[in-house]
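Listed here are the chains, written in short residue letters.
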Amino acid sequence: MVDVAKPGERIPIASDHAGFELKERLRLALGEMGYAVEDIGTHSTASTDYPDYAHPLAQEVSDGQAARGILLCGTGLGMSYVANRYPGVRAAVAWNPEVAVLARKHNDANVLVLPARFVSDEDALAILHAWLDTPFEGGRHQGRVAKIERDDSEADASGSTT
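Since the model is a prediction, treat every value here as computed from it, not as a measurement. (Residues numbered from 1 in each chain as written. Predicted model: local features only at pLDDT ≥ 70, side-chain atom pairs only at ≥ 80, totals over all residues. Heavy atoms only, no water.)

So what about the overall build of the chain? Which residues, and what values?
The helix and strand tally for the chain stands at six helices and five strands. Over its C-alpha atoms the chain spans a radius of gyration of 16 Å, differing by no more than 12% from the 15 Å that the globule rule assigns to 162 residues. In terms of principal-axis extent, the alpha carbons of the chain reach across some 50 × 30 × 30 Å. Burial statistics for the chain: of 162 residues in total, 45% are counted as buried. A fraction of 70% describes how many contacts in the chain between residues 6 or more apart in sequence connect residues 24 or more apart. (Helix = DSSP H or I, 4+ residues; strand = E, 2+ residues; numbered from the N terminus. Rg over C-alpha atoms; globule rule 2.2 N^0.38 Å. Buried < 20%, exposed > 50% of the residue type's maximum accessible area, 1.4 Å probe, protein only. Contact = heavy atoms within 4.5 Å.)

Rendered as structure tokens:
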């Protein structure tokens, strides 16, 4: 379970070319808030492939090297597809603060994915703050989150678990 973020915590951040400029703004803001930011890249607006940046960040979260991470691409979708393939990663695309709050409260989202082409700098900062400051509610949501990490070897051919 990921609790609220605390200054000093190391947070990896990565983007493709579409998210580069917003990543730079968020990287600076995180630093100003006291977080230890690990910039995985990209480092320019030159066209690049989002999986090249989503894989290393998701691996860090999956391995427990980082409690949470932040990804950005044009729509947020590509980054979320890659990140959610990793065990223990719950990457949520958030386009407003309310979605970020619910992603944390109900789904214990440990990777925030921002659709850089569809949010303003101000909205992105508000989303970031909401996500960092919201704890997982647990309770009835704990069992639902646990079901995400189902062991496929326990599922029969119909897809139901035994």
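Picking up where we left off.
Tell me about the sheet that holds strand 4 (residues 91–93), residues and numbers included.
Across the sheet, five strands lie side by side as 2-1-3-5-4; this open sheet has parallel pairing. Sheet topology places strand 2 (36–41) and strand 4 at the edges, where each strand pairs with a single neighbour. Between one strand axis and the next, the sheet turns through 20 degrees on average, direction left out of account. Looking at chain direction, strand 3 (residues 69–73) and strand 5 (residues 111–115) are connected through five bridges and run parallel. (Pairing = 2+ DSSP bridges. Axes fitted to C-alpha atoms, helices over the stretch in contact; angles between N-to-C directions.)

Can you explain the packing of aromatic side chains? Please cite residues and give values.
Overall, the coordinates contain zero aromatic pairs when judged by the stated rule. The ring of tryptophan 131 has arginine 68 lying over it, and the distance from NZ or CZ to the ring centre is 5.8 Å. (Phe/Tyr/Trp six-rings, centres within 6.5 Å; stacked < 30°, edge-to-face > 60°. Lys NZ or Arg CZ within 6 Å of the ring centre and 35° of its normal.)

Describe the pairing of strand 3, with residues and values.
Side chains on a regular strand alternate between the two faces of the sheet. Among the five residues in strand 3, five count as buried, and that is most of the element. With burial as the criterion, each face of strand 3 is covered, one bearing Gly69, Leu71 and Cys73 and the other bearing Ile70 and Leu72. Sheet analysis places strand 1 (residues 10–15) next to strand 3, joined by three bridges and oriented parallel. Along strand 3, the bridge assignment pairs isoleucine 13 with isoleucine 70.

Mind laying out helix 4 (residues 97–107), listing which residues take part and the relevant values?
Listing the buried residues of helix 4 in full gives Ala100, Ala103 and Arg104. Within helix 4, the buried residues cover an arc of 90 degrees as seen down the axis, which keeps them to one side. Tucked into the core, helix 4 has its buried residues touching strand 4 and helix 5 (121–133). The N-cap of helix 4, judged by a side-chain oxygen 3.1 Å from the amide nitrogen of glutamate 98 a few residues on, is asparagine 96. Just past helix 4, the residue aspartate 108 takes up positive phi, approximately 50 degrees. (Arc of directions from axis to C-beta. Polar contact = N/O pair within 3.5 Å; in protein donor to acceptor, adjacent residues only side chain to side chain.)

Just give me the short version of the packing of helix 4 against helix 5, but keep the residues and values in it.
Interaxial distance between helix 4 and helix 5 falls to 8 Å at its minimum, and their mutual angle equals 20 degrees. The orientation of helix 4 with respect to helix 5, classified from their angle, is roughly parallel. For the pair helix 4 and helix 5, the crossing hand works out as right-handed. On helix 5, the residues that touch Pro97, Ala100, Val101 and Arg104 of helix 4 are Ala126, Ile127, Ala130 and Trp131. Broken down by class, the residue content of the contact of helix 4 with helix 5 amounts to seven nonpolar, no polar and one charged. (Parallel < 35°, antiparallel > 145°, perpendicular 65-115°, else oblique. Left-handed = near helix turned anticlockwise from the far one by under 90°. Nonpolar A, V, L, I, M, F, W, Y, C, P; charged D, E, K, R; others polar.)

Before we move on, could you go through the nonpolar core and cite the residues and values that matter?
Counting 24 residues, the largest nonpolar core has Leu26, Leu30, Ile70, Leu112, Leu128, Trp131 and Leu132 as the members making the most contacts within it. Where this core is concerned, the elements lending two or more residues are strand 1, helix 1 (20–32), strand 3, helix 4, strand 5 and helix 5. Per element, the largest residue contribution to this core is six residues, and it comes from helix 5. Residues within four places of leucine 132 in sequence aside, it is in contact with Val4, Ala5, Ile11, Leu30, Met33, Tyr35 and Arg68. Core analysis: the next-biggest nonpolar cluster, separate from the first, contains 19 residues, Ile40, Val61, Val82 and Ala83 among them. (Core = buried A, V, L, I, M, F, W, Y, C linked by side-chain atoms within 4.5 Å.)

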